[in-house]
Amino acid sequence: MYKSFNVRTLGILEIGHLKNVFPERGKRSTQVELLIIYLIMNRDRNITASQLITYLWEDKENQVTIGALRNLVYRARKDLKMLYDKEPCILSKGHSYYWNPAVKCVVDYEELLKLAESIIESNETIDLQVKKAWQLADLFENEFLPEFQDNSWIKQKNEVLLKSCYESLISIIDNLKQANEYQIIIDLLQHPNLVKIEDDKLFAARLDAYYQMKQYDVALKYYRNILNKYYLYYGKTVPAAIKQVYQECLNKLPEVEVENIEIEDVLDQSETVTGAFYCDFTVFKRIYQLNLIDVTKLNNEHALVMLTIRNQDEHYDSHKLQNYSQLLKNLMQQNLRKNDIFSQYSLTQYFILIQSPKMTGIETAVNRIIRYFNNDIVDDRVYIDYQIKRLDFYR
């Protein structure tokens with residue numbers, strides 16, 4: 001019994017038999033390769049000539065004759081004979097063509113699909129499931145024939161592959177959650193071949209795994225990366241499930257604070273982004289309104305303000321801190337002007353971009369918020385520390 005063809009489709013097409021390889025280096029033909037791989041992937045049935053013409057030439061099918069297809073089949077048979085000359089690989093019957101069932105093939109695409117399905121349907125131990133998941137991650141290195149993505153059938157096969165791998169990942173993640181194996185979820189979703197599967201559920205699963213492992217600072221950094229993806233590339237808001245985990249991470253991090261107002265350095269640093277910035281319409285309207293206000297107030301003073309809730313008891317009740325943080329947030333929402341912007345950095349720390357005709361006006365606004373905060377709490381151990389940094393880049 002001869003050795004089966006080893007068909008690699010995840011990446012550049014390569015069909016190997018013993019020491020022979022198709023296509024030969026420097027002798028490639030897109031149409032010949034598409035014909036051969038289509039017959040291999042459909043080797044359990046006959047393909048009519050009209051079906052092959054539609055697949056190979058798509059929108060130009062009306063301009064192609066049966067004679068052109070026969071010539072292409074002849075070229076494919078000739079190339080395959082260099083690979084294996086014991087018997088023809090492509091057979092014909094009437095006006096149809098099919099792959100010779102005697103010429104066996106092992107196709108990496110099919111093997112990956114089988115592996116993904118076995119993970120979904122598995123009743124095995126969690127260790128065996130994890131082992132299969134790592135195998136899937138290693139195998140899912142490339143798309144199905146990425147060179148031919150303009151072909152609709154190739155696109156469809158890629159969609160099937162991505163869906164199957166995605167569903168298998170969701171299945172193993174659900175099982176890992178039940179087993180409290182959150183570190184494995186993190187490690188798995190960090191695999192370089194899996195990070196390219198960008199999906200709400202996978203983002204949320206990885207963020208939640210960081211949270212469950214108490215890696216709150218890592219979770220916050222990851223959330224900010226997700227935020228950039230959604231606004232800059234997807235053009236949509238972050239799903240509520242991801243926002244909820246993010247808020248829970250903030251609530252667990254009263255100790256994560258910026259000591260000085262060097263946050264300005266972080267804000268000023270940005271990744272290289274090409275193209276125009278897209279944001280959801282609510283954010284767009286807000287930015288538009290703020291720009292209108294700035295045009296009329298170019299002589300205003302601008303400042304970056306850092307507010308930090310401090311407490312004198314290192315064992316202070318975190319639930320009370322959450323309540324005080326929400327109180328401070330509400331006070332800023334009510335008392336800052338509509339052209340001011342504020343954001344929460346951690347459970348106990350907020351930043352404000354604020355402007356006023358004079359710096360004394362900014363100091364008055366900040367002190368007013370602190371005064372209201374002190375009036376609403378009844379606890380001498382808690383107070384607000386603040387820093388104000390004048391911004392000169394508006395001038």
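Look above for the structure.
Residues numbered from 1 in each chain as written. Predicted model: local features only at pLDDT ≥ 70, side-chain atom pairs only at ≥ 80, totals over all residues. Heavy atoms only, no water.

Undergrad: Go over the nonpolar core, please, and point to the residues and values.
TA: Phe5 and Trp99 are the most contacted members of the largest nonpolar core, which totals 89 residues. In terms of residues, this core owes the most to one element, helix H6 (residues 152-178), which gives 10 residues. For Trp99, the contacting residues outside a window of four places in its chain are Phe5, Ile36, Leu39, Ile40, Arg43, Leu80, Cys89, Ile90 and Cys105. Residues Tyr324, Leu328, Leu347 and Ile384 belong to the second largest nonpolar core, which totals 24 residues. (Core = buried A, V, L, I, M, F, W, Y, C linked by side-chain atoms within 4.5 Å. Buried < 20%, exposed > 50% of the residue type's maximum accessible area, 1.4 Å probe, protein only. Helix = DSSP H or I, 4+ residues; strand = E, 2+ residues; numbered from the N terminus. Contact = heavy atoms within 4.5 Å.)

Undergrad: Got a sec to walk through the pattern of salt bridges? Specific residues and values, please.
TA: In the structure shown here, the tally under the stated rule is 11 salt bridges. Across the pair Arg43 and Glu110 runs a salt bridge, and its minimum N-O distance is 2.8 Å. Placement of Arg43 in the loop between helix H1 (30-41) and strand E4 (47-48) and of Glu110 in helix H4 (residues 108-120) is noted, with a sequence separation of 67 residues between them. Assessed through its relative accessible area of 26%, Arg43 is described here as partly exposed. Residue Glu110 is classed as buried on the basis of its relative accessible area, which comes to 19%. The closest approach of N and O atoms between Glu167 and Lys163, which form a salt bridge, is 2.6 Å. In this pair, Glu167 and Lys163 both sit in helix H6, four residues apart, roughly one turn of the helix. (Salt bridge = Lys/Arg side-chain N within 4 Å of Asp/Glu carboxyl O.)

Undergrad: Any chance you could break down helix H7 (residues 182-189) for me, citing the residues and the numbers?
TA: Taken together, the buried positions of H7 are occupied by Tyr182, Ile185, Ile186, Leu188 and Leu189. An end-on view of H7 places all buried positions within 170 degrees of arc, on one side of the element. Residues of H7 that are buried in the fold lie against helix H5 (126-139), H6 and helix H8 (200-212). (Arc of directions from axis to C-beta.)

Undergrad: Give me the packing of H4 against H5: which residues, what numbers.
TA: In the contact formed by H4 and H5, the axes pass within 10 Å of each other and the chain directions differ by 150 degrees. Relative to H5, the element H4 lies roughly antiparallel. Both H4 and H5 take part in a crossing whose hand is left-handed. Facing Leu112, Leu115, Ala116, Ser118 and Ile119 of H4, the residues of H5 in contact are Lys132, Ala133, Gln135, Leu136 and Leu139. Taken together, the residues of the contact of H4 with H5 break down into seven nonpolar, two polar and one charged. (Axes fitted to C-alpha atoms, helices over the stretch in contact; angles between N-to-C directions. Parallel < 35°, antiparallel > 145°, perpendicular 65-115°, else oblique. Left-handed = near helix turned anticlockwise from the far one by under 90°. Nonpolar A, V, L, I, M, F, W, Y, C, P; charged D, E, K, R; others polar.)

Undergrad: Tell me about the sheet that holds E4, and name the residues and values.
TA: Taken in spatial order, the three strands of this open sheet run E4-E6-E5, and their pairing is antiparallel. A single partner strand is all that each edge strand has here, and the edge strands are E4 and strand E5 (90-93). Taken strand by strand, H1 contacts E4, E5 and strand E6 (96-99), and its axis lies near 70 degrees from that of E6. In the packing of helix H3 (residues 66-83) onto the sheet, the strands contacted are E5 and E6, and the crossing angle to E5 comes to about 145 degrees. (Pairing = 2+ DSSP bridges.)

Undergrad: So, unusual backbone geometry: which residues are in play, and what are the values?
TA: Cis geometry is found at the peptide bond from Phe22 to Pro23, where omega equals -5 degrees. Looking at the secondary structure, you find Pro23 in the loop between strand E3 (20-22) and H1. The backbone of Leu18 shows a phi angle near 55 degrees, a positive value even though the residue is not glycine. You can see Leu18 is positioned in the loop between strand E2 (14-17) and E3. Phi at Asn180 takes a positive value of approximately 60 degrees, unusual for a residue other than glycine. Inspection of the secondary structure puts Asn180 in the loop between H6 and H7. Judged by relative accessible area, Asn180 falls into the exposed class, the value being 56%.

Undergrad: Can you tell me about the packing of H4 against H6, naming the residues and giving the values?
TA: Direction vectors running N to C along H4 and H6 enclose 30 degrees, while the axes themselves pass 8 Å from each other. Relative to H6, the element H4 is oriented roughly parallel. The element H4 and its partner H6 pack so that their crossing is left-handed. When H4 is examined against H6, the residues Tyr109, Leu112, Leu113, Ala116, Glu117, Ile119 and Ile120 are found in contact with a partner set consisting of Lys157, Val160, Leu161, Ser164, Cys165, Glu167, Ser168, Ser171 and Ile172. Looking at the contact of H4 with H6 residue by residue, the class counts come to 10 nonpolar, three polar and three charged.

Undergrad: So, H3: which residues are in play, and what are the values?
TA: Counted at 1.5 Å a residue, the expected span for H3 with its 18 residues is 26 Å, and the 26 Å between its end C-alpha atoms agrees. When we look at burial in H3, the residues that qualify are Leu69, Leu72, Val73, Ala76, Leu80 and Leu83. Buried residues of H3 fall within an arc of 100 degrees about the axis and therefore sit on the same side. Residues of H3 that are exposed and angled more than 90 degrees away from the buried face: Asn71, Tyr74, Lys78, Lys81 and Met82. (Expected span 1.5 Å × (residues − 1).)

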